[in-house]
Amino acid sequence: MLNMKVLNLFKMVKFNTPLARTFCQLKGELQMEKPMKYNIKRLDYEDKLFSQAMLKVKSKKHRIKSGLIALEGKRLIQDALKANIHPEMIFYSRRKDIEELTHLNEEVKLYKLPYKDMQLWSDLTTCPGIVAFCKKPEQILNNNENSLPVTVVCDQVREPGNLGAIIRCAAAAGIQKVLLTKGCVDHWDSKVLRGASGAHFHLPVFDEMTWDNFTTQFNSKNNIKFLLAVNQPSTIETP
C-alpha cells in the first residue's frame, strides 16, 4: 500500500526535481528483496571478520597454517565450483554476484559487506567485489584422457604473473602436470591464481620439488627426453 502511495506522488512531480529523486530513493528502500535460500549475515564497515580472513591467506606461511586459499572474482569462484571445490565462506558486496553462481553449496557461509571494505584488501585496480575462501585442495587430478605425455618443470620462477601464465598455457596445451622446484612462488598465491585463470582446478601441480626427487614423478620404464629452456644468452656458436 505504501509503495502505491509513493508511486502516485512520484507521478505528480517532474523526475528531475529533488522531491522526485527523494521519492525514487524511498521507493527503492521500500521494495523488499526476494529471499535467498542461503543464510546471509550482513557485516558493518571495517568488520574484523573479513580482515581476519584475508590475513589468513595473504602469505604462504599463513596459507599453510590455515589451510585456506582465497579466490577473488566470480569467474575464478565458478571454475572452482565446477571442479567440485566448494567454498567455506564467501564475502560479497553485490547480491547479483551470488545469484549468478551455480553449483553453490547451500551450507556455505555468506557475508554481505560494504564494497569499500573489499577495496581495501584487493590487489586489483578494480575490485570484483566478491571473495571466496576454500580449503586448499589436496591434489588435483588430470581427467583429460587425451593429455600429452609432457611434464613442465619450473625452476626458480618467482614472478606470480609468469607462473600463472605457464600453468594456464600448460592446461590449454593438454599436458599431464607441472612440477615446481623449491624457490618458486607459491602457486596458490592470489596473483598466480588470477594469472592461471582457473587452470589450477584442471591440472596437477606439484610444488617444493628437488632435482633429486624428480625421478619419482616419471615412469622409469619409458625413455625420457628433457628439453631445457633458459633465460640466458646461448653460448652455442651457429654456423
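Structure: see above.
Because the structure is a prediction, the values reported are computed rather than measured.

## Re the packing of aromatic side chains
Phase 1 of the analysis: Evaluation of the coordinates by the stated rule reveals three aromatic pairs.
Phase 2 of the analysis: Each ring, one from Phe 91 and one from Phe 133, has its centre 5.7 Å from the other, and the planes form 85°; the classification is edge-to-face. In this pair, Phe 91 is assigned in strand 3 (residues 89-92) and Phe 133 in strand 5 (residues 130-135), connecting sequence segments 42 residues apart. An identical accessibility class is assigned to Phe 91 and Phe 133; each is buried.
Phase 3 of the analysis: Members of the aromatic cluster, each reached through a chain of ring pairs, are Phe 50, Phe 91, Tyr 111 and Phe 133.

## Focus on the pattern of salt bridges
Phase 1 of the analysis: Tallied over the full model, the rule gives nine salt bridges.
Phase 2 of the analysis: As a salt-bridge pair, Asp 123 and Lys 58 come within 3.5 Å of each other at their nearest N and O atoms. Placement of Asp 123 in the loop between helix 7 (115-121) and strand 5 and of Lys 58 in the loop between helix 3 (48-55) and helix 4 (60-66) is noted, with a sequence separation of 65 residues between them.
Phase 3 of the analysis: Classification of Asp 123 as partly exposed rests on a relative accessible area of 39%.

## Here's the deal with helix 3
Think of an α-helix as turning once every 3.6 residues; residues three or four places apart then point the same way.
Phase 1 of the analysis: The complete set of buried residues in helix 3 reads Phe 50, Ser 51, Ala 53 and Met 54. All buried residues of helix 3 fall inside an arc of 160° around its axis, so they share one side.
Phase 2 of the analysis: The N-cap residue of helix 3 is Asp 47: its side-chain oxygen and the backbone nitrogen of Leu 49 are 2.9 Å apart.

## So, helix 5 (residues 74-82)
Phase 1 of the analysis: Taken residue by residue, helix 5 has Leu 76, Ile 77, Gln 78, Asp 79, Ala 80 and Leu 81 as its buried positions.
Phase 2 of the analysis: Tucked into the core, helix 5 has its buried residues touching strand 2 (68-72), strand 5 and helix 9 (190-196).
Phase 3 of the analysis: One or two positions beyond helix 5, positive phi appears at Asn 84, with a value near 65°.

## Some thoughts on the state of the cysteines
Phase 1 of the analysis: Enumeration over the complete set of coordinates arrives at zero disulfides.
Phase 2 of the analysis: Cys 154 takes part in no disulfide bond, and the closest cysteine sulfur, belonging to Cys 184, lies 5.7 Å away.
Phase 3 of the analysis: Here Cys 184 falls in the buried class, since its relative accessible area comes to 10%.

## A few points about the sheet that holds strand 3
Phase 1 of the analysis: Strand order in the open sheet made by the five strands is 1-4-3-5-2, with mixed pairing throughout. Strands with a single pairing partner mark the edges of an open sheet, and in this sheet they are strand 1 (40-42) and strand 2. The average angle at which neighbouring strand axes cross in this sheet is 20°, direction not considered.
Phase 2 of the analysis: Relative to strand 5, strand 2 runs antiparallel, the two being bridged by five bridges. Considered in strand 5, the bridge of Leu 71 is made with Ala 132.
Phase 3 of the analysis: This element, helix 3, spans strand 3, strand 4 (109-112) and strand 5 of the sheet and lies at about 120° to strand 3.

Conventions used here
- Residues numbered from 1 in each chain as written.
- Predicted model: local features only at pLDDT ≥ 70, side-chain atom pairs only at ≥ 80, totals over all residues.
- Heavy atoms only, no water.
- Phe/Tyr/Trp six-rings, centres within 6.5 Å; stacked < 30°, edge-to-face > 60°.
- Helix = DSSP H or I, 4+ residues; strand = E, 2+ residues; numbered from the N terminus.
- Buried < 20%, exposed > 50% of the residue type's maximum accessible area, 1.4 Å probe, protein only.
- Salt bridge = Lys/Arg side-chain N within 4 Å of Asp/Glu carboxyl O.
- Arc of directions from axis to C-beta.
- Polar contact = N/O pair within 3.5 Å; in protein donor to acceptor, adjacent residues only side chain to side chain.
- Contact = heavy atoms within 4.5 Å.
- Disulfide = S-S within 2.5 Å.
- Pairing = 2+ DSSP bridges.
- Axes fitted to C-alpha atoms, helices over the stretch in contact; angles between N-to-C directions.

None of the figures reported here should be taken as evidence of function without further support.
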